[in-house]
Amino acid sequence: MDTSLDDVQKHCGPELKSFQDCLFQTTHPSNCNRARVELNLCTDKKVPSVRMIREKCAEEYKTFAACLDRNPNEPESCIGDVRAFYECAEGVREFLRKDGA
């Protein structure tokens with residue numbers, strides 16, 4: 001997943017920084033929806049690997065995000081959901097690596 005994050009930083013650095021800054025300044029991730037949407041729009045346009053992860057791992061991401069929404073003060077309770085999303089994302093990344101994308 002590091003390669004995808006590097007691509008996001010390279011192509012969507014300002015949007016990523018804005019989203020991160022918002023997350024550091026709030027007590028609940030939903031307060032950063034506008035910054036998240038701007039980051040998603042940028043990655044959809046400029047980072048194909050992230051777009052594919054978002055498409056192929058949508059259910060895992062929804063489950064993970066819902067867990068964080070339910071447990072904003074106990075994110076560690078979502079570790080299983082984080083792991084499932086990470087494993088899905090790594091599978092997509094491996095596919096892209098083998099496919100030469």
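Data block above holds the structure.
Residues numbered from 1 in each chain as written. Predicted model: local features only at pLDDT ≥ 70, side-chain atom pairs only at ≥ 80, totals over all residues. Heavy atoms only, no water.

**What about the packing of aromatic side chains?**
Aromatic rings considered in pairs are described by the distance between their centres and by the relative angle of their planes. Following the criterion strictly, the structure yields three aromatic pairs and no others. For the ring pair Y61 and F64, a centre distance of 6.3 Å and an interplane angle of 75° mean the geometry is edge-to-face. Of this pair, Y61 and F64 are both found in helix 4 (residues 58-70), three residues apart, which corresponds to roughly one turn of the helix. Accessibility expressed as a relative area gives 17% for F64, which makes it buried. Here the aromatic rings of F64 and F85 are separated by 6.2 Å at their centres, their planes lie at 15°, and the arrangement is stacked. Taken together, the positions of F64 in helix 4 and F85 in helix 5 (residues 79-99) put the pair 21 residues apart, joining distant regions of the chain. Ring pairing ties together the aromatic residues Y61, F64 and F85, which thus form one cluster. (Phe/Tyr/Trp six-rings, centres within 6.5 Å; stacked < 30°, edge-to-face > 60°. Helix = DSSP H or I, 4+ residues; strand = E, 2+ residues; numbered from the N terminus. Buried < 20%, exposed > 50% of the residue type's maximum accessible area, 1.4 Å probe, protein only.)

**Section: the pattern of salt bridges**
The final tally for this structure, using the stated rule, is seven salt bridges. The shortest N-O distance in the salt bridge between E38 and R34 comes to 3.8 Å. Linking E38 with R34, this pair stays in helix 2 (residues 33-46), spanning four residues, or about one helical turn. Among the residues examined, E38 registers a relative accessible area of 39% and is labelled partly exposed. For the salt bridge of E94 with K98, the shortest nitrogen-to-oxygen distance reads 4.0 Å. Of the two residues, E94 and K98 both sit in helix 5, four residues apart, roughly one turn of that helix. The network of salt bridges with common partners includes E94, R97 and K98. (Salt bridge = Lys/Arg side-chain N within 4 Å of Asp/Glu carboxyl O.)

**Some points on the packing of helix 2 against helix 3 (residues 48-56)**
Two quantities define a packed helix pair, namely the angle between the helix axes and the distance between the axes. Relative to each other, helix 2 and helix 3 sit at 110°, their axes nearing to 6 Å. It follows that helix 2 is roughly perpendicular to helix 3 by the angle criterion. For the pair helix 2 and helix 3, the sense of crossing is left-handed. Contacts from N40, T43, D44, K45 and K46 of helix 2 reach helix 3 at P48, V50, R51 and R54. A breakdown of the residues in the contact of helix 2 with helix 3 according to their chemical character gives two nonpolar, two polar and five charged. (Axes fitted to C-alpha atoms, helices over the stretch in contact; angles between N-to-C directions. Parallel < 35°, antiparallel > 145°, perpendicular 65-115°, else oblique. Left-handed = near helix turned anticlockwise from the far one by under 90°. Contact = heavy atoms within 4.5 Å. Nonpolar A, V, L, I, M, F, W, Y, C, P; charged D, E, K, R; others polar.)

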